[in-house]
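Okay, here's what each chain looks like letter by letter:
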Amino acid sequence: MLDGVQRYEDGDLPQERRVEIERHLSECENCSVELAQLRSTVALIESLHEVDTPPEFTANVLEAVRSERSIEQPAPSVPWPVGAILGIAGAVLSAVIVTLALSIDLSAVAEWTTVLKPSAVAATHLGRLLLEALLVGLGALVQAMGKPALGLLAVDIVLLAVLLTTGRHLLKGRAVFGMVAV
Amino acid sequence: MPCEPDDVLIQRTQVGDLTAFGTIVDRYRTRIYSLAYRMLGDRDRADDVAQEVFIRVYKALGTYRMCGTFSTWLFAIAVNVCTDALRQKPVATTPIDSSEGGPAHESGGTDPHSAYQRSEMQERIQNAMGRLPDQQRLIIALIHLQGHSYEEVAQIMRQPIGTVKSHAHRARARLKTLLAPCMEEDTR
Ligand SMILES: [Zn+2]
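**A few points about the overall build of chain A**
Move 1: Secondary structure summary: chain A contains nine helices and zero strands in total.
Move 2: As presented, chain A carries roughly 11100 Å² of accessible surface, and 64% of it is formed by carbon and sulfur atoms.

What follows is the structure, encoded as structure tokens:
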């Protein structure tokens, strides 16, 4: 009967069955006691208090979440083939720049150097400095985009090759490049 | 911002606003913690479990799509974390008639004697709950302590509503027996 009483309490029964049960409850003491006890049971359970969290609860959760996040987002890292391609692309780019610099008409540079007044040697030094600064900059760019070591290595190898093949025009090239950069 | 809807706070959290997530945690922490405490019978474990619930919620927010209500989703996660915890270690109950060390926090009541009686009664009810199978205790807690309907509990637990109801009926029948002595005291 308890099950019937519970379904009655749940409001799950069709109207005629409800009426039937209500009639029975008014006549049967056992069942009406049963219903009263069921209701008291529910009242007792519902008298359980909510329990308060420790005061630092939210702070602890946010702290845990913050450290989760810093673990999960160590910069969107680029897979190594992409890093290598970026490095080689960077090296090719710098090789192109150097080659272009070398192909510039040197007479213009002669004028530039006289206009700017520093001696050819000074211009050479300046050019070397600037070229090296450019290398460092490219290296940093590659580093920011992908695998640092691999990218830098690729830049260095290609530039070394370019420098070797351009041979004795190197100093002029550096000077020109320096002037262009200025 | 007196009372932003859950979904607004969720969207803000999804774009990296931790303050919004803090508001969510503040909004639900008592309910989740209470559920965990009633399920585990231990405050320290309830604290760990409740924290774990919110951490899992945060991690899952990336894939959370607003279908249904946030609270149903939240409680479903809470049910999973509680169930995992109970698998590792069952609910803590004290032997019947043991009256040492009542619940750690009791609100209201200035008369120490009646406060003690109330707190003893709370412990007896909690203990009776602890004697139910986990599923039944969970359903009773969700319905009678958290105020969810059968439909909501069925969604939260991903069980047919008929199963939820029959668990609830069995649980109430068992609690009625377990709590009969309390009711006699009550009516005296
Ligand atoms: Zn009867």
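**Points about the nonpolar core**
Move 1: Residues F21, I32, V53, F54, V57, F70 and L142 of chain B are the most contacted members of the largest nonpolar core, which totals 69 residues.
Move 2: Ranked by residue count, the leading element in this core is helix α2 (residues 18–40) of chain B, at 13 residues.
Move 3: For this core, the domains that each give at least three residues are domain 1 (1–93) and domain 2 (100–188) of chain B.
Move 4: Contacts of F21 of chain B, omitting those with residues within four sequence positions, involve V61, L62 and V65 of chain A together with T13, F54, V57, Y58 and L61 of chain B.
Move 5: Ranked by size, the runner-up nonpolar core spans nine residues in total, among them V5, Y8, L35 and L38 of chain A.

**Some details on the interface of chain A and chain B**
By a widespread convention, an interface's size corresponds to the accessible area lost as its parts come together.
Move 1: Listed by partner, the interface residues are 35 residues for chain A and 43 residues for chain B.
Move 2: Taking both partners together, chain A and chain B bury about 3700 Å²; carbon and sulfur atoms supply 64% of that area.
Move 3: Summed over the three residues of chain A that lose the most area to chain B, namely L44, L48 and V51 of chain A, the buried surface amounts to 19% of that side.
Move 4: Between K165 of chain B and D12 of chain A there is a salt bridge, with the nearest N and O atoms lying 2.4 Å from each other.
Move 5: Our count for the contact surface shared by chain A and chain B stands at 16 residue pairs in polar contact (both at pLDDT 80 or more).
Move 6: For the side of chain A that touches chain B, the secondary structure elements donating two or more residues are α1 (2–10), α3 (29–46) and α4 (57–72) of chain A.
Move 7: The dominant element in the side of chain A that touches chain B, judged by the number of residues it contributes, is α4 of chain A, at eleven residues.

**Here's the deal with the packing of aromatic side chains**
Centre-to-centre distance and the angle between the planes together describe a pair of aromatic rings.
Residue and element names in this part refer to chain B.
Move 1: If you walk through the whole model with that rule in mind, you get six aromatic pairs over all chains.
Move 2: Between Y64 and W73, the aromatic rings sit 4.3 Å apart at their centres with planes inclined by 35°, giving tilted as the arrangement. In this pair, the class of Y64 matches that of W73, namely buried.
Move 3: Taken together, the ring pairs connect Y28, Y64, F70 and W73 into an aromatic cluster.

**Quick word on the coordination of the zinc ion**
Residues and elements named next belong to chain A.
Move 1: Protein-derived coordination of the zinc ion comes from H24 (NE2), C28 (SG) and C31 (SG), at a distance range of 2.1 to 2.3 Å.
Move 2: Between consecutive donor residues of the zinc ion, the sequence gaps follow H-x3-C-x2-C.
Move 3: For H24, a relative accessible area of 32% corresponds to the partly exposed category.

**Points about helix α4 (residues 70–88) of chain B**
Move 1: For α4 of chain B, which comprises 19 residues, the first-to-last C-alpha distance of 28 Å matches the rise-based estimate of 27 Å (1.5 Å per residue) to within 8%.
Move 2: Counted residue by residue, α4 of chain B has 14 buried out of 19 residues, so it is predominantly covered.

**Notes on the confidence of the model for chain A**
Move 1: Predicted confidence across chain A gives a mean pLDDT of 72, with 41% of residues reaching 70 or more.
Move 2: At the low end of the mean pLDDT range in chain A sits helix α9 (residues 170–181) of chain A, at 52; at the high end sits α3 of chain A, at 95.

**Focus: the side chain of R172 of chain B**
Move 1: Considering the arrangement of structural elements, one finds R172 of chain B in helix α8 (residues 161–187).
Move 2: A polar contact is formed between the side chain of R172 of chain B and the side chain of Y150 of chain B, at a distance of 2.9 Å.
Move 3: In this structure, R172 of chain B is in contact with Q6, D10, L38, T41 and V42 of chain A together with I140, I143, H144 and Y150 of chain B, ignoring residues within four places of it in sequence.

The rules behind these values
Numbers given to residues run from 1 along each chain, matching the order in which its sequence is written. Chain labels run from A onward and ligand labels from 1 onward, assigned in the order the entries are written. Whole-chain, interface and lining totals are the exception, using all residues; otherwise, since this is a predicted model, local features are given only for residues with pLDDT of at least 70 and side-chain atom pairs are given and counted only at 80 or more. Only hydrogens and water are set aside when side-chain values are computed; all heavy atoms of the structure are taken into account. Numbered from the N terminus, helices here are DSSP runs of H or I no shorter than four residues, and strands are runs of E no shorter than two. Method for areas: the Shrake-Rupley scheme with a 1.4 Å probe, in which residue coverage is limited to the protein chains shown. Definition used in this section: a nonpolar core is a set of buried Ala, Val, Leu, Ile, Met, Phe, Trp, Tyr and Cys residues joined via side-chain atoms within 4.5 Å. Buried means the residue's accessible area, taken with a 1.4 Å probe over protein chains only, is under 20% of the maximum for its type, while exposed means over 50%, and partly exposed covers the values in between. Each domain span listed reflects an automatic or database assignment of domains. Working rule for contacts: check all heavy atoms of both residues, and any pair within 4.5 Å makes them a contact. Two parts placed together each lose some accessible area under a 1.4 Å probe, and the buried area is that loss summed for both. Each reported salt bridge corresponds to a side-chain nitrogen of Lys or Arg within 4 Å of a carboxyl oxygen of Asp or Glu. Under this definition, polar contacts are N or O atom pairs within 3.5 Å; protein pairs additionally need one hydrogen-donor-capable and one acceptor-capable atom, and for neighbouring residues in sequence, both atoms have to be side-chain atoms. For Phe, Tyr and Trp, where Trp contributes only its six-membered ring, two rings pair if their centres lie within 6.5 Å, and the inter-plane angle classes them as stacked under 30 degrees, edge-to-face over 60, or tilted in between. Counted as donors are the N, O and S atoms within 2.8 Å of the metal, or 3.2 Å for Na, K and Ca, while water is not among the atoms, so some sites may look incomplete. To estimate how far a helix should extend, the number of its residues minus one is multiplied by 1.5 Å. Residue-level confidence of the predictor is summarised by pLDDT, bounded by 0 at the bottom and 100 at the top.

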